[in-house]
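Here is what each chain is made of, one letter per residue.
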Amino acid sequence: YIVFTLVTHKDMFEGDGEGEAGAAGAEGDDDDEDEGEEPHYTATFATVGLAVTTVLISFMSEFLVNSLEPAAKEWGLSTAFISVILLPIVGNAAEHATAIVMAYKGKMDIALGVAVGSSIQIALFAVPALVLVSALLGKDLDLHFPLFTSSLMVMSVVITNSFVYGGHCSWLSGCLLLLAYFMIAMALL
C-alpha cells in the first residue's frame, strides 16, 4: 500500500495545488506554509529515533497486554471484545487523532489513507507474519478464525466501503458508521 501511494500512483494522492487548499478556503493558505520547510533532523537521527521508539513501544505494548488480562477477568469482558475493540482504540490513538485533524483540514485523502492504511497493514502483513513467526517458534497459530468474528469483519468492510466508495459523506454517514461499530462492540461483549 505504501509503494502504491508513494511510488507507483503518487499523482493520485497529491493535491493539484489548488484542490485541497481551495477546498479549505482561506485557512488552507496557512497549512501550505510548512510544506516547503526543510527537515530539522538528519536521516540518521530520525532512523535511530524511530528504532528507539519502536523498542520502547514494544515494551509498553507487552505491559499493556499483560495488564489487560487480569482487568478483563475482573470486569467480566470477553477476550474478543478486548482484542477487537479496546486494543485497537488504545493502540491506534495517534492514528485516530491524525485522521481527525486531516479531515478537519479538508484533506480527506490523507485522512482515509491513515484510517484504512492501518487496517490493510494488519490484514496483509502483521497477521500472516505472526503466523509464520509462530510456526518458527513452535506455537500453534493459524488463520482459522471463528465464523462469527469473520462475518463481523466482512460486514464492517462492506459497510465502510459503501460509505467511502461514493466519495462524499455527511454527518449522518458518520453516525451510521459509529452505530455499526457500537453494534459490533455489543455483539462481542
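Our focus in this paragraph is the overall build of the protein chain. Looking only at helices and strands, the protein chain has ten helices and zero strands in total. Every one of the 189 residues in the protein chain was classed for burial, and the buried ones make up 13%. Restricting the contact set of the protein chain to residue pairs at least 6 apart, pairs at least 24 apart contribute 49%. Accessible surface, the protein chain: about 14,500 Å² in total, of which carbon and sulfur atoms supply 70%.

Taken together, W171, L172, L176, L179, F182, M183, M186 and L189 make up a surface patch of nonpolar side chains, about 870 Å² in accessible area. Position of W171 among the secondary structure elements: in helix 10 (residues 171-188).

Among the secondary structure elements, S134 is positioned in helix 8 (residues 108-137). Leave out the neighbours within four places in its chain, and S134 touches K139 and L141.

This paragraph deals with the packing of helix 9 (residues 147-164) against helix 10. Contact pair helix 9 / helix 10: the axes reach a minimum separation of 11 Å and the direction vectors enclose 175°. Relative to helix 10, helix 9 is oriented roughly antiparallel. Each of F148, L152, M155, S156, I159, T160 and F163 in helix 9 lies in contact with helix 10, whose residues at this interface are S173, L176, L177, A180, I184, A187 and L188. In terms of residue class, the contact of helix 9 with helix 10 is built from eleven nonpolar, three polar and no charged.

Let us now look at the nonpolar core. Ranked by size, the top nonpolar core spans six residues in total: F81, I85, L152, I184, A185 and L188. Looking at this core, the elements with two or more residues in it are helix 6 (79-91) and helix 10. Here this core gets three residues from one element, more than from any other, and that element is helix 10. Not counting residues up to four positions away in its chain, the partners in contact with F81 are L86, A185, L188 and L189.

What follows is about the packing of helix 7 (residues 93-104) against helix 8. It is at 7 Å that the axes of helix 7 and helix 8 come closest, and there the two elements cross at 160°. One finds that helix 7 runs roughly antiparallel with respect to helix 8. In this structure, helix 7 meets helix 8 at a crossing whose hand is left-handed. Touching E95, T98, A99, M102 and A103 of helix 7 are M108, I110, A111, V114 and S118, all from helix 8. Residue composition of the contact of helix 7 with helix 8, grouped by class: seven nonpolar, two polar and one charged.

Another point: helix 6. Its maximal kink placed at I85, helix 6 deviates by approximately 25°, while the proline P88 follows within four residues. Taken together, the buried positions of helix 6 are occupied by F81, I82 and I85. Structurally, helix 6 contributes buried residues whose contacts are with helix 5 (43-75) and helix 10. Its side-chain oxygen placed 3.1 Å from the backbone nitrogen of F81, S78 serves as the N-cap of helix 6.

With 84% of its residues at a pLDDT of at least 70, the protein chain reaches an overall mean of 78. Looking over the protein chain, one finds the lowest element-wise mean pLDDT in helix 3 (residues 19-24), namely 42, and the highest in helix 5, namely 86. Counting contacts from residues 17-31, a segment whose pLDDT is below 50, to residues more than four positions away or on other chains yields nine contacts.

Basis of the calculations
Residues numbered from 1 in each chain as written. Predicted model: local features only at pLDDT ≥ 70, side-chain atom pairs only at ≥ 80, totals over all residues. Heavy atoms only, no water. Helix = DSSP H or I, 4+ residues; strand = E, 2+ residues; numbered from the N terminus. Buried < 20%, exposed > 50% of the residue type's maximum accessible area, 1.4 Å probe, protein only. Contact = heavy atoms within 4.5 Å. Areas by Shrake-Rupley, 256 points an atom, 1.4 Å probe, with all protein chains shown as cover. Patch = residues over 30% accessible without salt bridge, like charges linked within 9 Å, V, L, I, M, F, W, Y side chains within 5 Å. Salt bridge = Lys/Arg side-chain N within 4 Å of Asp/Glu carboxyl O. Axes fitted to C-alpha atoms, helices over the stretch in contact; angles between N-to-C directions. Parallel < 35°, antiparallel > 145°, perpendicular 65-115°, else oblique. Nonpolar A, V, L, I, M, F, W, Y, C, P; charged D, E, K, R; others polar. Core = buried A, V, L, I, M, F, W, Y, C linked by side-chain atoms within 4.5 Å. Left-handed = near helix turned anticlockwise from the far one by under 90°. Bend = angle between axes of the 7 residues up to and from the residue. Polar contact = N/O pair within 3.5 Å; in protein donor to acceptor, adjacent residues only side chain to side chain. pLDDT = per-residue confidence, 0-100.

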